[in-house]
Amino acid sequence: MPVEGGSSSGSASAARHPKQKRKAHSLSIRRTNSTEERPGGIQRGDMLDGQDSKLPLSLRSNLLDLFSQIEREFENLYIENLESSHSTSQLSQKLKTTYKASTSKIVSSFKATTGSRALCQLLKEYVGHRDGIWDLSVTRTQPVVLGTASADHSALLWSIETGKCLLRYAGHAGSASGDQTAHIWRYMVQLPAPQPPPDVSAPCDEDQDSSDREEGEVDGEGPCEVPTVRVATATLKSHQGVVIAADWLVGGRQVVTASWDRAANLYEVETSELVHTLTGHDQELTHCCTHPTQRLVVTSSRDTTFRLWDFRDPSIHSVNVFQGHTDTVTSAVFTVGDNVVSGSDDRTVKVWDLKNMRSPIATIRTDSAVNRISVSANQKIIALPHDNRQVRLFDMSGVRLARLPRSNRMGHRRMVCCTAWNEENQSCNLFTCGFDRQAIGWNINIPALLQEK
């Protein structure tokens, strides 16, 4: 019998005799007159006289009062149950019907997903770093290789097709650029012959989790014997804190760096000369990015803002401050067109129009902090790496397209730090990296993904 029924019944009884309510019991009890008759005409006194007990008469009388009232309460509840049994049966039937319909819908959706061609496939795992990978990128010129920067003080170059490590750079004295410098180095790599990709696929919205292996590390002790470079061609020294990001300006003659010293620096590559120091942020910088075709730079910071720096006019270097987030802006990137996309620890991603930056044209709300995002050049698909080990894909209007598969057999096992697109490659066109010490190459079927939108 539900507790609510007993409580309401007891309250009604207590309302008729408010002065006689017994506070020592959870069930409200109504006292009866000592001369109240029992079934069969037996008086309470007769019941007491006919029983052998060592309890005082007054205590026995009180106990009989209590038990008789408890019996009446249960009798009332029993009658109420009989009266409501019909309506309860109808409710149960309705619940069963609704449950069956919902379950059938869920099962049907699973069948449709698993029966269709997989839109997101894990193709290659790049294993070799001995600590978390902070950043990765793909070269913009031939030969096209994957580069990763790690907290193990090294940067690695990888063959995208084979997953083989081609080169290790070990010239930094700290985690990647924790030595407060940025290094420029050159090396000729020879790509190995490509191998057929493994048959590993899964639907994009696979919900299997990998909580048991969250702290697990990838297998392997790093790449075998690979060429190692320890001396930089140029060393950029001007920062007073960790250099957290760097990017090439269009043309390749200048490079911009972002640091925890709250400044971004613009350097000449050939001379390593400091050209400009971009100051104004109130806290450490988290990222910097350059426009693919124009002399524009965007910097993001822990001060919840990102700033747009304009170097198109050599005589005027303008700056605009944008306050669209409520927590650290982890990255802000340009698209090929006139948009800026910003991600934040406030669990949102916002799309901005360069022609009118007063308010975002789209806002994506997620369930986890967003790290270094990337936007595909051709289709403008935003790849979101999350603290919760997930990677999600959205279009520029904020519509979710997919979530990359992750289970105990595939995907990242710890925080995902960065994503990078490479649409020129027909097989691996998206790369991700994280604190699980591995980078992953994915094949995203973009036409099919957009068709299902």
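The rules behind each value
Residues numbered from 1 in each chain as written. Predicted model: local features only at pLDDT ≥ 70, side-chain atom pairs only at ≥ 80, totals over all residues. Heavy atoms only, no water. Core = buried A, V, L, I, M, F, W, Y, C linked by side-chain atoms within 4.5 Å. Buried < 20%, exposed > 50% of the residue type's maximum accessible area, 1.4 Å probe, protein only. Helix = DSSP H or I, 4+ residues; strand = E, 2+ residues; numbered from the N terminus. Contact = heavy atoms within 4.5 Å. Polar contact = N/O pair within 3.5 Å; in protein donor to acceptor, adjacent residues only side chain to side chain. Disulfide = S-S within 2.5 Å. Phe/Tyr/Trp six-rings, centres within 6.5 Å; stacked < 30°, edge-to-face > 60°. Pairing = 2+ DSSP bridges. Axes fitted to C-alpha atoms, helices over the stretch in contact; angles between N-to-C directions. pLDDT = per-residue confidence, 0-100.

As annotated in an unreviewed UniProt entry, the protein carries the name WD repeat-containing protein 37 and comes from Astatotilapia calliptera.

Caption draft 1: Quick peek at the nonpolar core. Counting residues in each nonpolar core, the largest one holds 25 residues, and the members touching the most others are F306, V341, I382 and L384. Those elements that place two or more of their residues in this core are strand 14 (296-301), strand 15 (306-313), strand 17 (329-334), strand 18 (339-344), strand 19 (348-353), strand 20 (362-365) and strand 22 (382-385). Examining the composition of this core, we find that four residues originate from one element, strand 17, more than from any other. Aside from chain neighbours lying at most four places away, what touches V341 is S331, A332, V333, T335, V349, K350, V351, I373, V375, I382 and M396. Within the second largest apolar cluster, 20 residues are counted, among which are V391, L404, I444 and I446.

Caption draft 2: Representation of the side chain of T330 within the structure. Structurally, T330 can be placed in strand 17. Looking at T330, the relative accessible area reads 10%, which means it is buried. At 3.4 Å, the side chain of T330 forms a polar contact with the backbone oxygen of N371. T330 has contacts with T286, H287, S300, G343, S344, D345, V370, N371 and R372, leaving out every residue within four places of it along the chain.

Caption draft 3: Local environment of the state of the cysteines. For the structure on display, the rule yields zero disulfides. Distance from the sulfur of C417, which forms no disulfide, to the nearest cysteine sulfur (C433) is 5.7 Å. The thiol of C433 is unpaired, and the distance to the nearest cysteine sulfur, on C418, comes to 4.9 Å.

Caption draft 4: Focus on the environment of T419. Secondary-structure assignment places T419 in strand 25 (residues 416-421). Residue classification places T419 among the buried residues on the basis of a relative accessible area of 4%. Sequence separation between T419 and V375 is 44 residues; the distance between their C-alpha atoms is 8.9 Å. Of the polar contacts made by the side chain of T419, one reaches the backbone oxygen of A383; its length is 3.2 Å.

Caption draft 5: Local environment of the packing of aromatic side chains. Per the counting criterion, the structure on display carries seven aromatic pairs. Between W134 and F435, the aromatic rings sit 5.2 Å apart at their centres with planes inclined by 85 degrees, giving edge-to-face as the arrangement. Of this pair, W134 sits in strand 2 (residues 133-138) while F435 sits in the loop between strand 26 (430-434) and strand 27 (438-444), placing them 301 residues apart in sequence. Residue classification places F435 among the partly exposed residues on the basis of a relative accessible area of 25%. Note on F306 and W352: the rings are 5.5 Å apart at their centroids and 65 degrees apart in plane angle, and the pair reads as edge-to-face. Of this pair, F306 sits in strand 15 while W352 sits in strand 19; the two residues are 46 residues apart in sequence, bridging distant segments of the chain. Across this residue pair, the class does not change: F306 and W352 are buried. Through a chain of ring-to-ring contacts, three or more aromatic side chains come together here, namely Y126, W158 and F431.

Caption draft 6: Inspection of the environment of N425 at higher detail. Tracing the chain through its elements places N425 in the loop between strand 25 and strand 26. Owing to a relative accessible area of 12%, N425 belongs among the buried residues under this scheme. Among residues more than four places away in sequence, those in contact with N425 are I160 and E161.

Caption draft 7: Highlighting the sheet that holds strand 14. Strand order in the open sheet made by the four strands is 13-14-15-16, with antiparallel pairing throughout. Across the chains shown, the open sheet's two edge strands, defined by having one partner strand only, are strand 13 (285-290) and strand 16 (316-322). Here the average twist between neighbouring strands, direction ignored, is 20 degrees. In this structure, strand 15 lies alongside strand 16, joined through six bridges in antiparallel fashion. By the bridge assignment, L308 is partnered in strand 16 with N320.

Caption draft 8: Region of interest: the confidence of the model for the protein. Across the protein, the average pLDDT comes to 80, with 73% of residues at 70 or higher. For the protein, helix 1 (residues 3-16) is the element with the lowest average pLDDT, namely 42, and strand 22 is the one with the highest, namely 98. In this model residues 104-117 is a low-confidence stretch, pLDDT under 50, and it forms two contacts with partners more than four residues away in sequence or in other chains. Long-range and interchain partners of residues 206-221, a stretch whose pLDDT sits below 50, account for 36 contacts in this model, where long-range means more than four residues apart.

Caption draft 9: Molecular detail of the sheet that holds strand 21 (residues 374-375). The strand order across the open sheet built from four strands is 21-22-23-24, with neighbouring strands paired in antiparallel fashion. The sheet is open, and its two edges are formed by strand 21 and strand 24 (400-403), each paired on a single side. With four bridges joining them, strand 22 and strand 23 (residues 391-394) adopt antiparallel strand pairing. By the bridge assignment, A383 is partnered in strand 23 with L393.

Caption draft 10: Inspection of the environment of S318 at higher detail. Note on placement: S318 falls in strand 16. Along the chain, S318 and L308 lie 10 residues apart, while their C-alpha atoms are 8.1 Å from each other. The contact partners of S318, leaving out residues within four places of it in the chain, are L308, W309 and D310.

Caption draft 11: The arrangement of the pairing of strand 26 in detail. Counting buried residues in strand 26 gives five out of five residues, a clear majority hidden from the surface. By the alternation rule, side chains of strand 26 split into L430, T432 and G434 and F431 and C433, which are all buried. Pairing analysis gives five bridges linking strand 25 to strand 26, with the strands arranged antiparallel. Pairing of A420 across the sheet is with F431, part of strand 26. In this sheet, strand 27 lies alongside strand 26 in antiparallel orientation, the contact comprising four bridges. Within strand 27, the residue paired with T432 across the bridge is I440. Between strand 26 and strand 27, which pair antiparallel and follow one another directly, the connecting turn spans three residues, one of which, R437, has a positive phi of 70 degrees.

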